[in-house]
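Each chain, letter by letter, is given below.
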Amino acid sequence: TKRSGRNGYNFFEPSMNANAHNQLQWLQDLRVALERGQFRLVYQPKFMSPDGPVIGAEALLRWQHPVHGMVGPDDFIALAERSGLIIPIGAWVLDEACRQMREWLTLGYQDWKIAVNLSALQFNDPQLLDVVQAVLEKHQLPPHCLTLEVTESTAMYDTASSMQTLQKIADLGVDISIDDFGTGYSSLLYLKRLPANELKIDRGFVRDLSAGTEDAAIVSAIVALGRTLNLRIVAEGVETEVQQAFLTSVGCDALQGYLMGRPVPPEQFLQAIQPQQPT
Ligand code: C2E
Ligand code: CA
Ligand code: CA
Ligand code: CA
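In the nomenclature of an unreviewed UniProt entry, the protein chain corresponds to Bifunctional diguanylate cyclase/phosphodiesterase from the organism Herbaspirillum chlorophenolicum.

Written as structure tokens, this is what we have:
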């Protein structure tokens, strides 16, 4: 939603502008954040519905800023993209998420997939294939344990070469997920051109979801479309029992949201997904 303008990005983030730190300072801070180890990943579980097992987790980036505390991705990803820093930061995310998945795999969670969000710029980088291959090898991770979530805004960079890169990554056996489905640019064209395995229904359609609403009709149609195309359908942003019941009834394959589990640091993840024990 913050993406607009000629190259697809705003020139400042309002939330950043609002405080004393100026843009240049944020950029300088971002430049050193990686080497100073200020990035963290939190993990949100994906559940097979209804009330089914965990099928994996999505890695979500956080920046532990020395002055401003924990900063969310919506407040710095655009800056990272504009400055090109998203390439090394994205590589760090991929490495760290795969390292964590390796740990879970070793503990016996064989069927889990780790989902990593991919910026449009990474997707456009011809080296991405090598980066992905190297990270899988480094952590001895089977490709099917990795899912790359791409957003439809990526279609702005929809060149033949970036589609080829994604196709080659898919050919390795890595899953490709279309994130925020229904919100972006040329959704259906994108669906046709991407080697996707998964489709994530955007939170915007889930927020006010209940039977008989317009959102309900849209969600049902997306699920039907996904089924026809043989895609795993994930609903994100599930916060209420009503939403969960509806999504399950129309045949969503997996659910993700605060109702089932919030993003947590890795050391809390296994405990967080345990069913609540009576005290
Ligand atoms: P996204 O990929 O659509 O991720 C879902 C966002 O919704 C996350 O916000 C998550 O914390 C939040 N969320 C999950 N469940 C619920 C719910 O039930 N209710 C509500 N209200 N929110 C929920 P977060 O972590 O702030 O991430 C925001 C966006 O930043 C992500 O949207 C993704 O596009 C981007 N992002 C996150 N991590 C990375 C990363 O490592 N690389 C890149 N390039 N982008 C990232
Ligand atoms: Ca995502
Ligand atoms: Ca999403
Ligand atoms: Ca989003």
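Student: Is there a simple way to explain the nonpolar core in this structure?
Tutor: Generally speaking, soluble globular proteins have nonpolar side chains that are buried together. Leu-146, Leu-148 and Ile-201 are the most contacted members of the largest nonpolar core, which totals 76 residues. At nine residues, the largest contribution of residues to this core is made by helix 4 (residues 86–106). Every residue in contact with Leu-148, bar those within four places of it in the chain, is listed here: Leu-94, Val-116, Leu-118, Val-132, Ile-169, Val-174, Asp-175, Ile-176 and Ser-177.

Student: Can you help me understand the pairing of strand 1 (residues 39–48) in this one?
Tutor: Within strand 1, eight of the 10 residues are buried, leaving the element largely enclosed by the surrounding structure. Here strand 1 pairs with strand 2 (residues 54–65) via nine bridges, running antiparallel. Within the sheet, the bridge partner assigned to Arg-40 lies in strand 2 and is Arg-62. Relative to strand 9 (residues 254–255), strand 1 runs antiparallel, the two being bridged by two bridges. Looking at the pairing, Met-48 lines up with Ala-254 of strand 9.

Student: It is not clear to me how the coordination of the calcium ion (ligand 2) should be interpreted in this structure. Could you clarify?
Tutor: Six octahedrally arranged donors around a metal ideally form angles of 90 or 180 degrees; four tetrahedrally arranged donors ideally form angles of 109.5 degrees. Listed as protein donors to the calcium ion (ligand 2) are Glu-58 (OE), Asn-117 (OD1), Glu-149 (OE) and Asp-179 (OD); their distances from the metal cover 2.1 to 2.3 Å. Taken in sequence order, the residues that donate to the calcium ion (ligand 2) follow the motif E-x58-N-x31-E-x29-D. Separating the calcium ion (ligand 2) from the calcium ion (ligand 3) is a gap of 4.1 Å, bridged by Asp-179, which donates to each. Of the two residues, Asn-117 sits in strand 4 (residues 113–118) while Asp-179 sits in strand 6 (residues 175–181), which places them 62 residues apart along the sequence. Judged by relative accessible area, Asn-117 falls into the partly exposed class, the value being 29%. A residue is classified by how much of its surface remains accessible, and Asp-179, at 5% relative accessible area, is buried.

Reading the values: the criteria
Residues numbered from 1 in each chain as written. Chains lettered and ligands numbered in written order. Predicted model: local features only at pLDDT ≥ 70, side-chain atom pairs only at ≥ 80, totals over all residues. Heavy atoms only, no water. Core = buried A, V, L, I, M, F, W, Y, C linked by side-chain atoms within 4.5 Å. Buried < 20%, exposed > 50% of the residue type's maximum accessible area, 1.4 Å probe, protein only. Helix = DSSP H or I, 4+ residues; strand = E, 2+ residues; numbered from the N terminus. Contact = heavy atoms within 4.5 Å. Pairing = 2+ DSSP bridges. Donors = N, O, S within 2.8 Å, 3.2 Å for Na, K, Ca; no water.

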